[in-house]
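Read off the chains here:
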Amino acid sequence: MARRIAAGAAYGGGGIGLLGAAAVTLLLAEVQLAKRSVGGGTAPCPPGADGVYGTAFGFSSPLRLVLLGDSTAAGQGVRRAGQTPGALLASGLAAVAERPVELFIVAQPGARSDDLERQVGLALRDPARAPDVCVIMIGANDVTHRMPPTQSVRHLSAAVRRLRTAGAEVVVGTCPDLGTIEPVYQPLRWLARRVSRQLAAAQTIGVVEQGGRTVSLGDLLGPEFAANPRELFGPDNYHPSAEGYATAAMAVLPTLCAVLGLWPETDRLDADRREGMLTVAKAAAEAASEAGTEVTGARAPWALLKHRRRRRLPVPAEPAPSEPRAAEARGRGSE
């Protein structure tokens, strides 16, 4: 199914659905019930986290990191800049690289994949400050708003292609498993999990074919949420809390560092960690079913499936102010 979706995205097809009409009707009815619980609290607007991190290493020649995507990338649900995934990734990257990192967030709460074109335009608007690496987190709103998956993957693939053409490395956190959301009950939970994983696998195929890398977010937080949902969910019962975002950032950071060459890559695959060389479609399906899995393209049609060891994140300091361009651009984008 993931290969069919990706092929439809690449060749212009748009009629491939993830669920039958009856299942969609049931899904929508269950969504309305879930919405009465989700958002029972109010998620605060994401705090502004743009700025320079790792200033202990100076301010010259910073790495430029851009976050694109939806509310997860923006950090909705927490109140402090240092708790957002952007701040956590920028601080971790600065610690590994031993150089400052300039963070620019163009992600927009509520965004779907068709908003990526606008976000990429903001990320690339100043050629003198082109990003070194971009992290994209997108997909959940595509599922909840029933965007055809072929369209979703097409928009994401186009964004990755455009960023790669501009010289930026790209890491995509694929669609999370919406079946882990606490107020979602059966049969919506099963349907949400199935749809999310199919989209995540299709995203992986599209991203890898454009030269990016993916990290499966999947049900990364599922076991933790099940054990302690009050701690890892934010006040709206939907977005992650600070601890939830830290868990996701720890999964993405090793791939972020690897794509920048900050620690040596190796072709040796660890069988004990279920790593291997698989076809892209097979690797995508495996990654979608196991969170925290990286997929990197090799010689077509092969891809490397890796389970990188997570690294403890440093505690981010408040960002040092950078030039006002980022905040102003983000403000215009939300108008």
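Residues numbered from 1 in each chain as written. Predicted model: local features only at pLDDT ≥ 70, side-chain atom pairs only at ≥ 80, totals over all residues. Heavy atoms only, no water.

A. Quick peek at the environment of G173. Mapped onto the elements, G173 comes out in strand β5 (residues 169-173). The spacing of G173 and I136 is 37 residues in sequence and 6.1 Å in space, taken between C-alpha atoms. Non-local contacts of G173, meaning those with residues more than four positions away in its chain, are made with I136, M137, I138, V215 and L217. (Helix = DSSP H or I, 4+ residues; strand = E, 2+ residues; numbered from the N terminus. Contact = heavy atoms within 4.5 Å.)

B. The arrangement of the packing of helix α5 (residues 116-123) against helix α7 (residues 149-165) in detail. Interhelical geometry of α5 versus α7 gives an angle of 15 degrees and a closest axis separation of 9 Å. If you check the angle between α5 and α7, you find them roughly parallel. When the axes of α5 and α7 are compared, the crossing they make is right-handed. Residues L116, E117, V120 and G121 of α5 pack against H155, L156, A159, R162 and L163 of α7. Looking at the contact of α5 with α7, its residues break down into five nonpolar, two polar and two charged. (Axes fitted to C-alpha atoms, helices over the stretch in contact; angles between N-to-C directions. Parallel < 35°, antiparallel > 145°, perpendicular 65-115°, else oblique. Left-handed = near helix turned anticlockwise from the far one by under 90°. Nonpolar A, V, L, I, M, F, W, Y, C, P; charged D, E, K, R; others polar.)

C. Expanded view of helix α4 (residues 85-97). Taking 1.5 Å per residue, 13 residues should reach 18 Å; α4 reaches 18 Å between its end C-alpha atoms and fits that length. For α4, the tally of buried residues reaches eleven of 13 residues, placing the bulk of the element in the interior. Turning to α4, its buried residues are P85, G86, A87, L88, L89, A90, S91, G92, L93, A94 and A97. Elements in contact with the buried residues of α4: β1 (51-53), β2 (63-69), α3 (71-74), β3 (101-105), β4 (133-137) and α11 (242-259). Immediately downstream of α4, the backbone of E98 shows phi near 55 degrees, a positive value. (Expected span 1.5 Å × (residues − 1). Buried < 20%, exposed > 50% of the residue type's maximum accessible area, 1.4 Å probe, protein only.)

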